[in-house]
Amino acid sequence: MKKIYVDADACPVKEEIIRVANRHKLNVLMVCNGGIRPFKSDLVKLIIVSEGSDEADKWIYDQVSKDDIVITADIPLAAKCIAKEAVVLKHDGNFLTENNIGNVLATRDLMSDLRSSDPFLKGKNKPYSKADRSKFLTSLENLIWLYYCGYKYLFHKILYIFGWYYFLFAKL
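In this text the structure is predicted, and so the values were computed from the model without any measurement.

A. Structural detail: the pattern of salt bridges. Overall, the coordinates contain 4 salt bridges when judged by the stated rule. Across the pair E16 and R133 runs a salt bridge, and its minimum N-O distance is 2.9 Å. Note that E16 is positioned in helix α1 (residues 14–24) and R133 in helix α5 (residues 130–148), a separation of 117 residues in sequence. With a relative accessible area of 7%, E16 lands in the buried category. Two residues, R23 and E141, come together in a salt bridge whose shortest N-O distance is 1.9 Å. Taken together, the residues R23 in helix α1 and E141 in helix α5 connect sequence positions 118 residues apart.

B. Looking closely at unusual backbone geometry. Non-glycine residue K25 carries a positive phi angle of around 55 degrees. Residue classification places K25 among the exposed positions, given a relative accessible area of 59%. Its identity is not glycine, yet E85 carries a phi of approximately 65 degrees, on the positive side. Look at E85 and you get partly exposed, because its relative accessible area is 45%.

C. Structural detail: the packing of helix α2 (residues 55–63) against helix α3 (residues 75–83). Their axes nearest at 10 Å, the elements α2 and α3 cross at an angle of 10 degrees. In this view, α2 runs roughly parallel relative to α3, as classed from their interaxial angle. In this structure, α2 contributes D57, I60 and Y61 to the contact, and α3 contributes L77, K80 and C81. Grouping the constituent residues of the contact of α2 with α3 by class yields 4 nonpolar, no polar and 2 charged.

D. Inspection of α1 at higher detail. Of all the positions in α1, only K14, E16, I17, I18, V20 and A21 are classed as buried. K25, located one to two residues past α1, shows a positive phi value of around 55 degrees.

E. Examining α3 more closely. Listing the buried residues of α3 in full gives I75, L77, A78, C81 and I82. Looking straight down α3, one finds that the buried residues subtend no more than 155 degrees of arc, so they occupy a single side. The elements touched by buried residues of α3 are β1 (3–7), α2, β4 (69–71), β5 (87–89), β6 (95–96) and α4 (101–117). The N-terminus of α3 is capped by D74, whose side-chain oxygen sits 2.9 Å from the backbone nitrogen of L77. Looking one or two residues past α3, E85 carries a phi angle of roughly 65 degrees, positive in sign.

Definitions and limits used
Residues numbered from 1 in each chain as written. Predicted model: local features only at pLDDT ≥ 70, side-chain atom pairs only at ≥ 80, totals over all residues. Heavy atoms only, no water. Salt bridge = Lys/Arg side-chain N within 4 Å of Asp/Glu carboxyl O. Helix = DSSP H or I, 4+ residues; strand = E, 2+ residues; numbered from the N terminus. Buried < 20%, exposed > 50% of the residue type's maximum accessible area, 1.4 Å probe, protein only. Axes fitted to C-alpha atoms, helices over the stretch in contact; angles between N-to-C directions. Parallel < 35°, antiparallel > 145°, perpendicular 65-115°, else oblique. Contact = heavy atoms within 4.5 Å. Nonpolar A, V, L, I, M, F, W, Y, C, P; charged D, E, K, R; others polar. Arc of directions from axis to C-beta. Polar contact = N/O pair within 3.5 Å; in protein donor to acceptor, adjacent residues only side chain to side chain.

Following this line, the structure appears as structure tokens:
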């Protein structure tokens, strides 16, 4: 059975991940630098890595394998995991794939440059909403149901032909 790797330091959907993982009996590895309490579920393992920049990302990248699920908002980590053929899901429920990771990386770099040049652009992140949480749960459930219940080929075809928006909201 494949695993779910979570970049857990600033993850707003830890409880949702645990709930879905328990329902589907999937192992979850919550990777952080510390400051997170251990979880009650036997399927969830807390991995505490050493302090330092991107240590959790390095650990996840070293451990992830093909078809594992990675939940992160870290775009460079997502790009590396996609290269290892993992499935990457952001906290807002959007999937990152080899088809869209280039645009996402370019946008991230552009916004970083803009923020560094204009002090008025800092701190304008939108708050995490109930709609984001709901979209994340729907995306994770659909991913597990299609991808891990024997419909892997269909999953890839839907992703390739129609894109994730259609996959999430169309009635199959």
